[in-house]
Structures are given as C-alpha cells and as structure tokens.
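If you want the building blocks of each chain, they are given just below.
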Amino acid sequence: MTSLDVDNNELLAFLYLMPVAVVGIAADGDIKMLTPRAAALITPLSRDGDFSNLFSILDPITPEVRELIHGYEGTCGVICNHLTVPVAANTVGRHTMVFDINIHKIDADNLMVMFTDITNVTHLEEELLHRTAILDSLPESICVINAEGVIVTINRAWKNYTRENNGIESRCGIGANYFSVFQPTENQVEASINDYATSIKAVLRGTLPGFVSEYDCHSPSGDCGWFSCRANPFFIDGESYAVISHENITLRKRAENNLRKMSRAVEQSPVTIMITDTEGTIEFVNPKFTELTGYSVEEVIGQKSSILKSDKTPPETFEKMWATITTGKIWEGEFINKRKDGSIFYEHATISALYDGNGAITQYVAVKEDLTEKKSIMAQLIHSQKMESIGELAGGLAHDLNNILSVVNGYAALARHEIGKDQKAYTYIDEITRASSRAASLTHSLLAYSRKQVMNQRNQNLNLLIKTVSSFIARIIHDNIIFTLSLQDAPLGVNVDTVQIEQVLLNLATNARDAMPNGGAFTIATETGCIDAQFITTHGYGEPGRYAIITATDTGTGIDARTKARVFDPFFTTKEIGKGTGLGLAMVMGIIAQHGGFIDLQSEPGSGSSFRLYLPLVNEVPAAPAAQAEDKIGK
Ligand SMILES: Nc1ncnc2c1ncn2[C@@H]1O[C@H](COP(=O)(O)OP(=O)(O)OP(=O)(O)O)[C@@H](O)[C@H]1O
Ligand SMILES: [Mg+2]
C-alpha cells in the first residue's frame with residue numbers, strides 16, 4: 001500500500017469510497033480503522049455492542065481467519081482472496097450471512113480486511129440449484145426455447161431421453177431448433193404436427209396463453225412414441241420464451257389401446273360375460289347378457305346373480321360351483337336359467353376368480369354360452385331319429401300285416417261265397433271283413449307315415465285337386481262349420497299322388513272339425529311361396545326353393561306348445577280311447593315328406609290352428625280350366 005505512494009488521507013478517502021467494507025486490524029484482530037460501509041455491515045453482528053475486535057465480532061469464523069493470518073509467513077501481501085464464509089447473524093433475525101472476505105497483510109502489525117455481503121447472491125445461487133434439482137428430478141423432458149425456437153435450456157430427463165435414443169443428443173441439445181426435433185409418424189397427418197408447431201409459435205408470440213396436447217411422433221432416432229406436451233410462455237426483458245414439457249405417455253397409450261381393444265371384444269362378444277363381487281352381486285354385464293336375459297344393465301347391476309336362477313338347475317350344481325370358485329379354481333358347468341320374461345334358457349358357464357395385488361379374490365368373472373338353440377336342435381334330432389326308427393318298424397310291420405290282411409280278406413270272401421246269406425256264419429264273416437278292412441286302413445296310415453307307400457305321382461294343378469276333394473270335405477265337416485276355399489288364380493303345378501294328397505286334406509279337415517265342436521270356420525287356401533335361408537334358420541328344416549303352399553286354417557281350440565311338439569308323432573292323440581288313432585297327422589307328415597315337402601304349424605290355444613303345407617312347385621301344369629278364386633262350400 002505504501003508503494004502506491006499516496007498520503008493517508010487520500011488512502012482513507014479511497015477506502016471510504018470503495019464498494020466493499022474495509023476494516024484495518026492488528027494481527028490479534030483489534031480494529032484500528034473501520035469504513036462506514038464496514039461499520040454498517042458488522043454492527044448488527046456484534047453481540048454486546050463491542051466493536052473493538054473483529055475476531056470477536058465475526059466469532060464463528062475467527063479460528064479459520066486467525067489460522068490463515070497466523071499461517072501467513074510474509075511481511076506483506078495477500079493472505080486470502082474471496083474467502084466465502086458464513087457468519088452467524090446475532091442481532092438481527094437473519095439466520096446466516098455470507099461474506100466474501102479478502103485479507104491483506106500491510107506490514108508486520110497491520111492487516112486490511114475487505115468483505116462484501118454476498119448473502120443474497122448465495123441465496124440466489126442456492127435457489128437456482130434447487131430449481132435445477134427440481135427440474136432434473138421431473139420425469140418429463142423439459143426444454144426452454146427462445147422466440148426463434150432455439151433450445152436454450154434442457155433438463156436431465158431431456159438429456160437422458162436424447163442420449164438413450166442413439167446419439168441424437170447433439171441434434172436435440174441446447175442450440176438445436178426445437179421445431180426440427182420431432183417428426184410425424186405414419187399414423188399422424190403432417191397437418192397435426194404443423195398445428196402443434198403453429199400453437200407453440202403462437203405461445204411464443206403471446207397470442208396463446210399455453211396449451212396441452214397429446215400426439216404421436218417419431219423421435220429423431222425413429223422411435224415412435226406418444227407424448228403429452230405442455231407449453232407455457234414467459235418473458236425476460238421483453239424477450240419471449242416457452243417452456244415445453246414432454247411426458248412420454250407411450251406406455252399409457254399402449255395400455256389404453258389394449259384396454260380399448262379388450263373392452264370392444266367384451267362388448268361385441270357372442271358369449272355372455274358377467275362380473276360379480278365375491279358375494280355374487282353383479283358388477284358388470286356385457287350387451288350379450290342383456291340381449292339373452294332381457295334384463296337391462298341398470299336392472300341387474302347391484303342384483304345377485306341368482307336373479308337368473310330357475311328351479312330347474314339342481315342345487316348341488318350351485319354348491320359345487322361355489323366350493324370350486326371360492327378356492328380360486330375354475331368351474332365349468334351348465335345352468336338352466338330364467339330370463340326376465342320367465343322363459344327358460346340353457347347356459348354353459350366357465351367361472352373364474354379375479355385377484356387383487358395381494359392375491360385375494362375380489363371378483364368372479366363368468367363367461368357363458370347360450371346352449372338353448374343347441375339343446376333344442378339336439379332334442380329335435382333325437383326326436384326325429386326316434387320317429388325315423390318308429391317309422392321303420394311301423395312300415396315293416398304294416399307291410400307284413402297288409403299281406404296277412406289280404407289273405408284274411410281273400411279267405412273271408414271265399415267263405416262268404418261258400419255259405420248262404422241266411423246262415424249265421426255269414427254275418428260273422430261280414431264282421432271279419434269289416435275288421436280286416438279297418439286294419440288295412442290302419443296299415444295304410446302306417447305305411448303313409450313311414451313313407452313306404454307306393455307313389456303314383458303326376459304333374460297336376462293343385463287347385464283342381466283341392467276343388468275335387470272339397471266335396472268330400474264338405475261332407476265330413478259339420479253343418480255349423482263354414483268351409484271356404486281360397487285358391488290362387490293361376491294354376492299351381494305340383495307333382496303329387498292324388499290319392500295321398502286327398503288323404504292329407506281329409507285328415508286335416510277331420511281334425512279341424514274335431515277342434516270345432518261348436519262350429520267355426522275352416523279354410524283351405526293356396527298360394528305360391530318360397531323357402532329361404534331365413535325360413536330354414538327359424539324352423540330348423542326346409543330346402544330352399546319355390547313351393548305351392550296349402551294353408552288349412554280353422555278357428556278351433558288351438559294347440560298348446562307341449563301338444564304342438566307331439567302332434568305329428570304316430571299314435572299321439574288327445575282324443576278319447578276309440579275316437580282317434582293318433583295316426584292322422586303322422587300320415588300327413590309322412591305323405592308331405594315323401595313328396596319332398598314341409599309342414600309349418602301355427603297354433604295358439606284359443607286362437608285356432610293353421611297348417612301350412614309346402615309342396616315343391618313344378619313348371620309343367622296340364623292345361624285345365626282356371627281355378628275359382630274364392631268358393632264357399634258351407635253346408
Ligand atoms: N286342427 C286341430 N286343432 C286342434 N288340435 C288338433 C288339430 N289337429 C290335430 N290336433 C291335435 O293333434 C292330435 C293328433 O292329431 P292326429 O290327427 O294325428 O290324431 P287324432 O286326430 O287324434 O286321431 P286320428 O287322426 O288318428 O283319428 C289330436 O288328437 C289333437 O289333439
Ligand atoms: Mg286326426
């Protein structure tokens with residue numbers, strides 16, 4: 001200092017003007033000189049108002065400073081420069097002050113200590129470090145871009161992401177242009193990424209306050225991913241910036257996609273899916289469930305699954321099911337359940353448990369297949385096989401019986417010839433002949449049922465055939481029944497055995513008569529129609545093609561569902577013993593089937609019956625006078 005060659009006053013003036021606090025001390029810390037700035041700075045630090053010794057004022061740092069001073073071996077020079085030391089604040093409420101201290105040895109006895117309060121600077125630095133740590137701890141890749149889109153700051157996640165993506169770090173780091181970092185994927189229309197860029201530019205211009213958007217894009221390494229981006233503007237000295245955070249939501253999007261696919265599969269599933277809690281309370285059902293059971297979602301959620309229970313499933317089935325699923329095993333079996341309308345349906349169910357993260361059962365999921373149609377097709381098949389074998393048996397028997405009856409009839413005729421009418425045996429032989437012709441008629445019916453009759457088919461107009469037989473029908477039915485023919489105008493070409501079709505019509509008429517003991521109406525109508533796929537699906541039988549349709553309708557008692565299932569069975573009759581053989585409709589069915597046709601019966605108790613007979617149409621119809629369209633033959 002002496003080498004500066006200035007007098008003491010000048011030096012003091014200089015020291016007083018310096019922006020740092022200056023204290024002149026002796027080696028033991030006694031203060032010899034104190035600039036006002038220094039006084040202002042250290043005054044609040046004194047505990048007892050004693051400012052005589054710097055070391056006692058700066059108590060916590062004294063040992064360190066003392067050590068430095070004592071350790072300095074030169075006579076003059078810099079002992080320390082920019083020593084940053086925290087100082088406990090004593091008289092004011094501040095916790096710690098931080099001083100930047102410089103100590104110069106002036107001569108053997110004098111030292112000059114210059115210090116600056118850098119508490120605020122240190123705080124700012126600390127705050128910056130904290131904020132950087134926060135930024136770096138975030139999983140989102142964050143960058144700050146300037147008005148030109150140049151990346152000026154990035155966080156650790158951004159750095160890591162670009163590093164992980166095969167050395168794209170340099171292309172995406174500070175200095176790179178943000179708008180060239182991400183590229184559209186194949187799925188993404190370029191317009192949408194342009195929209196994104198436009199939005200960010202608007203944020204930078206201050207015309208958009210900030211936005212969040214989700215989009216899929218390619219990272220510069222070509223990886224395809226989904227990001228949720230949030231852009232917010234900020235301004236420094238009038239310059240605009242945007243902070244953009246990118247959350248990689250690829251996994252979430254994939255999970256969402258999978259979930260969406262799964263939920264679509266469940267929604268469109270052709271099988272019923274039901275989820276219940278461990279008590280059997282319904283929590284979820286899919287659309288197939290509502291379609292099958294007739295219950296709406298609102299009606300079943302919160303209800304017990306037993307809402308579907310009918311009394312037809314054996315109780316042991318449920319016992320076994322609960323015993324199985326409560327142990328976490330899968331149960332498979334069949335239920336006979338009840339729809340909302342009370343009708344019964346069959347289900348094959350597979351029930352398994354759902355678990356939580358701790359392995360505890362939380363729910364049960366039941367996947368059920370409707371077996372009703374399969375069951376009914378199976379029942380129909382078994383029934384038709386049964387009828388087929390009965391037919392075989394009856395046909396064979398009828399054939400042999402017929403032969404025997406011919407012999408009986410023949411010998412009866414011979415015997416009648418041999419004896420005179422006046423003899424008693426003559427009446428016996430008459431009885432034998434009558435009985436054997438009844439038996440022959442039975443065997444004919446059986447043969448018709450078993451489709452073993454010899455057919456004498458020829459092309460003819462069905463309308464004419466019906467008109468011919470209508471006079472017989474009129475004779476069969478009672479006076480109190482109005483019999484109407486409603487025949488199609490155009491001839492209906494069919495290839496049929498006239499006698500057999502007459503038998504069919506007479507049987508139907510007899511049944512109609514019996515179903516209307518108190519009178520009513522009986523109509524035979526004809527028309528042309530088709531059997532199509534829809535018909536076959538609904539009825540479970542049929543052959544696609546064009547048909548002549550005979551509809552025999554009565555206004556009689558009608559037939560209930562149970563009876564309807566059996567009316568075509570041989571020997572099924574509801575008539576009292578001796579009144580009906582139960583072979584009428586069996587024969588009708590046999591004859592129509594032998595002609596390659598089908599029968600559709602519509603009937604409800606109390607609403608009459610309608611038998612629709614489908615006979616294959618043929619093109620060649622022998623010329624004949626046109627059939628009458630409507631003909632009333634009521635007696
Ligand atoms: N039009 C009808 N209305 C009501 N029930 C009918 C009708 N046609 C048939 N049925 C019912 O179907 C049963 C079987 O008829 P089917 O013609 O095969 O035998 P049946 O009339 O009882 O005896 P059969 O015809 O041998 O004299 C009848 O007993 C009757 O219960
Ligand atoms: Mg009958």
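Residues numbered from 1 in each chain as written. Chains lettered and ligands numbered in written order. Predicted model: local features only at pLDDT ≥ 70, side-chain atom pairs only at ≥ 80, totals over all residues. Heavy atoms only, no water.

> Explain the overall build of the protein to me, please; I cannot follow it from the model alone.
Helices and strands together make up the secondary structure of the protein, namely 19 helices and 24 strands. Taking 635 residues into account, the globule formula puts the C-alpha radius of gyration at 26 Å, and the protein, at 54 Å, lies well above it. When the backbone C-alpha atoms are referred to their principal axes, the protein occupies close to 185 × 55 × 45 Å. Put simply, the protein has 635 residues, and 39% of those count as buried. Contacts in the protein between residues far apart in sequence, at least 24 positions, make up 56% of those at least 6 positions apart. Here the protein holds 53 positive side-chain charges and 75 negative ones, and the gap between their average locations is 15 Å. (Helix = DSSP H or I, 4+ residues; strand = E, 2+ residues; numbered from the N terminus. Rg over C-alpha atoms; globule rule 2.2 N^0.38 Å. Buried < 20%, exposed > 50% of the residue type's maximum accessible area, 1.4 Å probe, protein only. Contact = heavy atoms within 4.5 Å. Lys, Arg positive; Asp, Glu negative; His and termini not counted. Charge placed at Lys NZ, Arg CZ, Asp CG, Glu CD.)

> I tried to follow the side chain of Glu347 on my own but got confused; where do I start?
Tracing the chain through its elements places Glu347 in strand β15 (residues 344–355). Only 2.9 Å separates the side chain of Glu347 from the side chain of Asn337, close enough to count as a polar contact. Of note is the side chain of Glu347, whose polar atom sits 3.2 Å from the side chain of Lys368. (Polar contact = N/O pair within 3.5 Å; in protein donor to acceptor, adjacent residues only side chain to side chain.)

> Mind showing me how you'd approach the environment of Ala349 here?
Structurally, the position occupied by Ala349 is in strand β15. Taking the relative accessible area as the measure of exposure, Ala349 reaches 0% and is therefore buried. The spacing of Ala349 and Leu292 is 57 residues in sequence and 14 Å in space, taken between C-alpha atoms. Dropping the residues within four chain positions of it, Ala349 is found in contact with Trp331, Glu332, Gly333, Phe335, Val367 and Lys368.

> Before we go on, may I ask you to explain the nonpolar core in this structure?
Formed by 41 residues in total, the largest nonpolar core has its most connected members in Leu462, Ile501, Leu505, Phe522 and Ile524. Sequence-distant contacts of Leu462, that is, excluding residues within four places in its chain, are made with Leu492, Val494, Ile501, Thr526, Ala548, Ile550 and Leu615. Grouped together as the second largest cluster of nonpolar side chains are 26 residues, Val65, Ile79, Val85 and Val87 included. (Core = buried A, V, L, I, M, F, W, Y, C linked by side-chain atoms within 4.5 Å.)

> Could you clarify how one ought to interpret the sheet that holds strand β12 (residues 272–277) in this entry?
Where strands meet in a sheet, backbone hydrogen bonds hold them as pairs that are either parallel or antiparallel. Taken together, 5 strands build an open sheet; the order of strands is β13-β12-β16-β15-β14 and the sheet is antiparallel. Where the open sheet ends on each side, the last strands, each with one partner, are β13 (282–285) and β14 (331–338). Direction aside, the axes of adjacent strands within the sheet are offset by 30 degrees on average. Two elements, β14 and β15, share 8 bridges in a ladder whose sense is antiparallel. Considered in β15, the bridge of Ile336 is made with Tyr346. Sheet contacts for helix α12 (residues 315–325): β14, β15 and β16 (361–370); angle to β14, the most-contacted strand, approximately 140 degrees. (Pairing = 2+ DSSP bridges. Axes fitted to C-alpha atoms, helices over the stretch in contact; angles between N-to-C directions.)

> I keep staring at the confidence of the model for the protein and nothing clicks. Help me out?
For any part of a model where pLDDT is low, the fine detail of the predicted coordinates should not be relied upon. Per-residue confidence for the protein averages 87 on the pLDDT scale, and 90% of its residues sit at or above 70. Between residues 626–635, whose pLDDT stays under 50, and residues either more than four places distant or in other chains, the model counts 30 contacts. (pLDDT = per-residue confidence, 0-100.)

> Even after reading the chapter, I still don't get the site of ligand 1, so can you show me in this structure?
In the vicinity of ligand 1, 20 residues are found, and the nearest of them are Thr573, Thr574, Lys575, Thr581 and Leu585. Between ligand 1 and the protein, one listed contact pairs an oxygen atom with a side-chain N or O atom of Thr573 at 2.5 Å. Contacts to ligand 1 include Gly584, whose backbone N or O atom sits 3.4 Å from an oxygen atom. Within the complex, 90% of the 590 Å² of free accessible area of ligand 1 lies under protein. Taking a 2 Å distance to the grid points as the criterion, the majority of the atoms of ligand 1 fall inside the second largest pocket. Listed by contribution, the elements that provide at least two residues to the shell around ligand 1 are α16 (498–515), α19 (584–594) and β23 (609–616). Ranked by the residues each element gives to the shell around ligand 1, the list is headed by α16, at 3 residues. The residue inventory of the shell around ligand 1, partitioned by class, reads 8 nonpolar, 10 polar and 2 charged. (Near = heavy atom within 4 Å. Areas by Shrake-Rupley, 256 points an atom, 1.4 Å probe, with all protein chains shown as cover. 1 Å grid on protein atoms, 1.4 Å probe; cavity = no way out; pocket = protein on both sides within 12 Å on 5 of 7 lines; lining within 4 Å. Sits in = over half its atoms within 2 Å of the grid points. Nonpolar A, V, L, I, M, F, W, Y, C, P; charged D, E, K, R; others polar.)

> I tried to follow the layout of surface pockets on my own but got confused; where do I start?
One water molecule sets the probe size; rolling that probe over the atoms shows where empty space is left. Of the voids in this model, the largest pocket is the one considered here, and its volume is about 1500 Å³. Elements represented by at least two residues in the lining of the largest pocket include exactly α13 (372–418), α17 (533–539), α18 (561–564), α19 and β22 (598–603). For the lining of the largest pocket, the element with the highest residue contribution is α13, accounting for 12 residues. Split by residue class, the lining of the largest pocket holds 15 nonpolar, 13 polar and 8 charged. Of the voids in this model, the second largest pocket is the one considered here, and its volume is about 970 Å³. Asn511, Asp514, Lys575, Gly582 and Gly584 are, among the 34 residues lining the second largest pocket, the residues nearest its centre. The dominant element in the lining of the second largest pocket, judged by the number of residues it contributes, is α16, at 8 residues. Classifying every residue of the lining of the second largest pocket by side-chain character gives 10 nonpolar, 17 polar and 7 charged. Counting contributing residues per domain, the lining of the second largest pocket is built from domain 4 (376–450) and domain 5 (457–634), each supplying no fewer than three. (Points joined across faces, edges and corners; volume = space filled by probe spheres on them. Domains from an automatic or database assignment.)

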